[in-house]
Amino acid sequence: TEATAVLRYAKGEQFVGGEFDRYSLGTEWPVLTATVTWAMPNVFGSQYNYTRCTLDGYDEVRLGWWGRIEWMAQAGTYLGTAPFPLMEVVPTSGTLFMTPEAFNMLQLFERVTDRWASANIEWHGEGVVFNHLPLLRRLEWREVLAVKGIGGSWDSRHESLLALPEGTVGLNGLYSECSVGLENIFGLLRVDGVWRTDMPLSEPASRGLRFGFSVGI
C-alpha cells in the first residue's frame, strides 16, 4: 500500500484550454518534477515500510541550424528496506523497440539499485549533415546521436528479505550506452545502432539494432 505526492515546476509554462480540457504549450525552461512515495505498513495488509524520493528533469534546447538537444535526468533514493522488485529495477525495454526512459541493451532485471542518478541526452541534427549530401537530401533522413547512463549503489540489506535471483546484480558504479541513428525514415521510423560500454564491442551481446518512431524536422 503506497501513497504518493508529486510536485511539478515548469517556469513560464503556457496553456490553451476550453470548457473542460487544458493543453500545455510547453516552456522554454527545464521542467522539474519531485515525487515522494511512502509505503505504509499494516494498511490493507501491507508488509513494508520504505520511502522513495525522486527528482526528474526534462528540457529541449534549440541549437539553431545545428539542430536540437533533448535531455532527461533523474536522481533518486530509497529510505527503508524492501524486496528488490520494489526497489529501483533499472528499466530496460526488453524488446527491439527503444524507449527514452529505458536502457536498450540490458536484460530484464539485470541491474537493481536503491540510490541512483541517470541521464539520457540526444542530439537531433535535423539534416545538418544529410541536407548537404545530394544523394541523401531527397530521402530527408535526419541524424541522431545519443548517450544514456546510470550510476548508483545497492545496499545488500534488502537481500535479507528476498535474495537476488540468478542474473540480477546490484548496481554499484556506472552503466552506460551509446547510439548512432537515423530518424524520419519514411516520415516516422527511427533506427539506431546501440552498444553498451561495459563490454568489448567485439562481443555480440554488447551491440544491436533498435527501432522506434520519431519524426525529424
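Residues numbered from 1 in each chain as written. Predicted model: local features only at pLDDT ≥ 70, side-chain atom pairs only at ≥ 80, totals over all residues. Heavy atoms only, no water.

Draft legend 1. Quick peek at the overall build of the protein chain. Along its length, the protein chain carries one helix and 14 strands. Projecting the C-alpha coordinates of the protein chain onto the three principal axes gives extents of approximately 65 × 55 × 25 Å. The 217 residues of the protein chain split such that 37% are buried. When contacts within the protein chain are restricted to residue pairs at least 6 apart in sequence, those whose partners lie at least 24 apart make up 58%. Of the accessible surface of the protein chain, which amounts to about 12800 Å², a share of 63% is contributed by carbon and sulfur atoms. Distance between charge centroids for the protein chain: 4 Å, based on 17 positive and 25 negative side chains. (Helix = DSSP H or I, 4+ residues; strand = E, 2+ residues; numbered from the N terminus. Buried < 20%, exposed > 50% of the residue type's maximum accessible area, 1.4 Å probe, protein only. Contact = heavy atoms within 4.5 Å. Areas by Shrake-Rupley, 256 points an atom, 1.4 Å probe, with all protein chains shown as cover. Lys, Arg positive; Asp, Glu negative; His and termini not counted. Charge placed at Lys NZ, Arg CZ, Asp CG, Glu CD.)

Draft legend 2. Quick look at the side chain of threonine 35. For threonine 35, the location among the structural elements is in strand β4 (residues 31-39). Relative accessible area serves as the criterion here: at 14%, threonine 35 is assigned to the buried category. Leaving out residues up to four positions away in the same chain, threonine 35 has contacts with Thr4, Ala5, Val6, Arg52, Cys53 and Thr54.

Draft legend 3. Structural detail: the packing of aromatic side chains. Going through the model one piece at a time under the given rule, you end up with six aromatic pairs. With a centroid separation of 4.6 Å and 35° between ring planes, the pair formed by tryptophan 65 and tryptophan 66 is classed as tilted. Its relative accessible area of 60% is what places tryptophan 65 among the exposed residues. Both rings, one in phenylalanine 97 and one in phenylalanine 213, keep their centres 6.5 Å apart while their planes meet at 10°; by these two values the pair is stacked. Linking phenylalanine 97 in the loop between β7 (88-89) and β8 (111-113) with phenylalanine 213 in strand β14 (residues 207-213), this pair joins segments that are 116 residues apart in sequence. (Phe/Tyr/Trp six-rings, centres within 6.5 Å; stacked < 30°, edge-to-face > 60°.)

Draft legend 4. Region of interest: the sheet that holds strand β12 (residues 173-185). Spatially, nine strands are ordered β1-β4-β5-β6-β9-β10-β12-β13-β14 in an open sheet, and the strand pairing comes out antiparallel. Edge positions in the sheet fall to β1 (2-10) and β14, since each has one partner strand and no second. Put simply, the sheet's adjacent strands are angled 15° from each other on average, direction ignored. Here strand β6 (residues 68-81) runs beside strand β9 (residues 115-124); their pairing, made up of 10 bridges, is antiparallel. Of the residues in β9, the one forming a bridge with threonine 77 is arginine 115. (Pairing = 2+ DSSP bridges. Axes fitted to C-alpha atoms, helices over the stretch in contact; angles between N-to-C directions.)

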